[in-house]
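Results of the structural survey
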Amino acid sequence: MHSTNTTFKKWAIYCGVLPAILIYLIMNVGPSIASFVFSFTDMSGLRGASWKFIGLDNYKEYFFIQNYRDYIDVIKRTLVYAGVTTVVQNVIALFVAVILNSKFIKGRNLFRAIIFMPVVLGVVVTSLSWGLVFNTEGPIAKILAIFGTSSNFFGDQKYAFMLIIFVQIWMYMGWSMVIFLAGLQSIPADLYEAGEIDGTTWWQAFKNITLPLLWPSVTVNVLMSIIGALSSFQIILLTTGGNFNTSTLGMNIYAQAFGIGKQATVLGLRQGYASAMSMVLFVIILVFVLIFQYIMKKREIEI
Amino acid sequence: MKKKSIGKIVIYLIIAVLVVIYLFPLFYVFNTSLKTDSEFIKNTTSIAKSFRFKNYIDAWNAANFGNYVFNSLFYMIVCTSLSIILAVFLAFPIARNYFKYGNLIYALFLAGMFLPDGTIPQFKMLLTLGLYDTRTGYMLGFIGGGGVTLFMFVSYIKGIPKELDEAASIDGCGYFTFIFKILIPLMKPAISSMAILQALNVWNDILRAIIYLSKDAILPMTRGLYVFTGSFNNTVTLQMAALIIVAAPIVILYIFLQNYIIDGTLSGGVKG
């Protein structure tokens, strides 16, 4: 129960709390709920344009009327994007963190800082830099030429998506690595020393000491990468604009709602329809988070 | 013994490869930014010979970069300080159980992190209120929310003894004076790490800047750079000079503050 407060004036406390709650309700909770309501309307992006409720039409259109293969492709691509980045990014990050945690490494902080740098530089600098490196006459093109092949990189139907996944991993790997490193450093060293006396191999130590004790960091990292990759599309927007088979659900939603990216329809901004799509994405994220929490809980008990 | 040193070499080799993968893009951009346009077209991978620093001046003059820098700083400072202050004022009574339904509101704020994306209605609302394409409208979205920040602050304040409040109020210290003069200085570690997280978030934003802003005069640096590099009037070398203009201050700041920045994002990440 809340204690009666005798220290400070009640009105002052309420005055202090009010702005935060109001802004939160108006800017976050309200729009989130409205997003659900919007998905049943034919709202456009224009100011003052009339709109009406159209029931489930947006959902029907998304799942049945529009080209069936299109939306299956986009959802598949969204899942591949999230799955591949999450797994690869965390495996590499864990590997690098373990290496950097070796006792003999000098300049650990410097390497950590270099790998973390893209997070600080931000998505615009990252995307534009890689855009230049993957210029059709740039350094990578020259390397490919040695092997007798070529590619249009971010303009390539086949490889653009893979490159975007690469850039995404490049950008956020440092984040996961830093979290793993912090987790590793909290593992007491005498555990390994005890293992050494017992003659455990490197792999045994990793499997039986490191991984179980690192489990909280794994949980945080995997959850953050899944949610991040499912909902973020900034790199796609800044490199291909959603062209060349790279658009994910998140990208499609914003293209429909705000006309951004290179795939934006000339039909105008369909924000009701986009809201319905964002509900689909929300359900996908929710399902992932729930499955993930279920698996992690089970695993935690086993350990 | 020999086996161990081979292992060391392999590990250093892996690190070296990583360092190259992480530093190459920036070096390549920097190198390109120092070339003349014809030099770049002739050979994209040659080392810059002409050291054309004039590219920077040209890029700076071609677009309103001084203005963009100012806007970014302005947005970053205002949004960060406001959201931190609001969160402190909310976190303190929650941590102390000083107001009714505090725990309920706390739970609501934390659950908010899992609500669906409300950008479309938010946009609609700001448009209707006439706040589209204004500084206020752009910043409002960064100020609310902050589930992670609130969580961090509540748990941090719980570690500060309650006797302090009583002592302060007996001495006749008002509530707002108490928060600003006593509580906030005590919360420095928590505040600085959350402030860094929030500041980075605002500084690097591009999505909201694309959706909510269009007037050139109020664009932040990210969007300015995006517009500048998207224009065919600007040569590649000029675009890269602009990119360096944007990236250089961050890199320099990062070199000095790397430990704070990494630890700040870390505490936000792990606790969130």
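Residues numbered from 1 in each chain as written. Chains lettered and ligands numbered in written order. Predicted model: local features only at pLDDT ≥ 70, side-chain atom pairs only at ≥ 80, totals over all residues.

**Considerations on the overall build of chain B**
Secondary structure assignment for chain B yields 14 helices and 0 strands. Helices and strands in chain B line up, N terminus first, as α-α-α-α-α-α-α-α-α-α-α-α-α-α. For 272 residues, the compact-globule estimate of 2.2 N^0.38 gives 19 Å, and chain B exceeds it by more than 25% at 24 Å. In chain B, which comprises 272 residues, the proportion classed as buried is 42%. Considering only contacts within chain B whose residues lie at least 6 apart along the sequence, 76% involve residues at least 24 apart. (Helix = DSSP H or I, 4+ residues; strand = E, 2+ residues; numbered from the N terminus. Rg over C-alpha atoms; globule rule 2.2 N^0.38 Å. Buried ≥ 20, exposed ≤ 12 C-beta atoms within 10 Å, placed from the backbone. Contact = placed C-beta atoms within 7 Å.)

**Focus: the overall build of chain A**
When you go through chain A residue by residue, the secondary structure sums to 11 helices and 0 strands. Listing every helix and strand of chain A by position from the N terminus yields α-α-α-α-α-α-α-α-α-α-α. When its C-alpha atoms are laid out on the principal axes, chain A stretches across 80 × 75 × 35 Å. Within chain A, the fraction of its 303 residues that count as buried is 39%. Sequence separation of at least 24 residues holds for 67% of the intrachain contacts in chain A that already meet a minimum separation of 6.

**With respect to the packing of helix H4 (residues 65-96) of chain B against helix H8 (residues 147-158) of chain B**
All names here are of chain B. Where H4 contacts H8, the axes come no closer than 8 Å and their chain directions differ by 50 degrees. As far as their axial angle goes, H8 and H4 are oblique. Here H4 runs over H8; the crossing is right-handed. Each of Ser83, Ala87, Val88, Leu90, Ala91, Phe92, Ile94 and Ala95 in H4 lies in contact with H8, whose residues at this interface are Thr149, Leu150, Phe153, Val154, Ile157 and Lys158. Residue composition of the contact of H4 with H8, by class: 11 nonpolar, 2 polar and 1 charged. (Axes fitted to C-alpha atoms, helices over the stretch in contact; angles between N-to-C directions. Parallel < 35°, antiparallel > 145°, perpendicular 65-115°, else oblique. Left-handed = near helix turned anticlockwise from the far one by under 90°. Nonpolar A, V, L, I, M, F, W, Y, C, P; charged D, E, K, R; others polar.)

**What to know about the packing of H4 of chain B against helix H10 (residues 175-186) of chain B**
All names here are of chain B. Interhelical geometry of H4 versus H10 gives an angle of 80 degrees and a closest axis separation of 12 Å. In terms of orientation, H4 lies roughly perpendicular with respect to H10. Touching Val88, Phe89 and Phe92 of H4 are Ile179, Leu183 and Ile184, all from H10. Among the residues forming the contact of H4 with H10, the class breakdown is 6 nonpolar, no polar and no charged.

**Topic: the interface of chain B and chain A**
The interface of chain B with chain A comprises 72 residues on the first partner and 71 residues on the second. Across the side of chain B that touches chain A, the residue classes tally to 48 nonpolar, 18 polar and 6 charged.

**Thoughts on unusual backbone geometry**
Residue and element names in this part refer to chain B. In the Ramachandran plot, Asn97 falls in the positive-phi region, its phi being about 60 degrees despite a non-glycine side chain. The class of Asn97 is partly exposed, set by 15 C-beta atoms lying within 10 Å. Backbone geometry at Asp133 places phi at a positive 60 degrees, although glycine is not the residue there. Turning to its location among the elements, Asp133 is positioned in the loop between helix H6 (119-128) and helix H7 (135-143).

**Topic: helix H4 (residues 108-133) of chain A**
Three- or four-residue spacings in an α-helix give side chains the same orientation, since the helix completes a turn every 3.6 residues. All names here are of chain A. Under the 1.5 Å per step criterion, the end-to-end length of H4 is only 27 Å for 26 residues, more than 12% shorter than the ideal 38 Å. Of all the bends in H4, the greatest, near 115 degrees, is centred on Gly122. Most of H4 is tucked away, with 22 of its 26 residues classed as buried. (Expected span 1.5 Å × (residues − 1). Bend = angle between axes of the 7 residues up to and from the residue.)

**Points about the environment of Ala111 of chain B**
Residues and elements named next belong to chain B. With respect to the helices and strands, Ala111 occurs in helix H5 (residues 102-111). The class for Ala111 is exposed, based on 11 C-beta atoms found within 10 Å. Residues Ala111 and Gly147, spaced 36 residues apart in sequence, show a C-alpha to C-alpha distance of 8.1 Å.

**Examining the environment of Trp215 of chain A**
Along the chain, Trp215 of chain A turns up in helix H8 (residues 202-231). Along the primary structure Trp215 of chain A and Phe180 of chain A are separated by 35 residues, whereas in three dimensions their C-alpha atoms are 9.6 Å apart.

**What about the nonpolar core?**
If you look at the biggest cluster of nonpolar residues, it comprises 145 residues, and the most contacted ones within it are Val88, Ala91, Ala242 and Leu243 of chain B. Ignoring any residue separated from it by four or fewer positions in sequence, one finds Val88 of chain B in contact with Phe153, Ile179, Leu183, Ile184 and Met187 of chain B. (Core = buried A, V, L, I, M, F, W, Y, C linked by C-beta atoms within 7 Å.)

**Structural notes on the confidence of the model for chain B**
Across chain B, the average pLDDT comes to 84, with 96% of residues at 70 or higher. Across the interface, the model reports ipTM at 0.86; the global pTM reads 0.87. (pLDDT = per-residue confidence, 0-100.)

**Regarding the environment of Leu225 of chain B**
Following the sequence through the fold, Leu225 of chain B ends up in helix H13 (residues 221-230). On the basis of neighbour count, Leu225 of chain B is assigned to the buried category, with 26 C-beta atoms found within 10 Å. Along the primary structure Leu225 of chain B and Ala95 of chain B are separated by 130 residues, whereas in three dimensions their C-alpha atoms are 42 Å apart. In this view, Leu225 of chain B contacts Val124 of chain A together with Ala242, Leu243 and Val246 of chain B; residues no more than four positions away in its chain are not counted.

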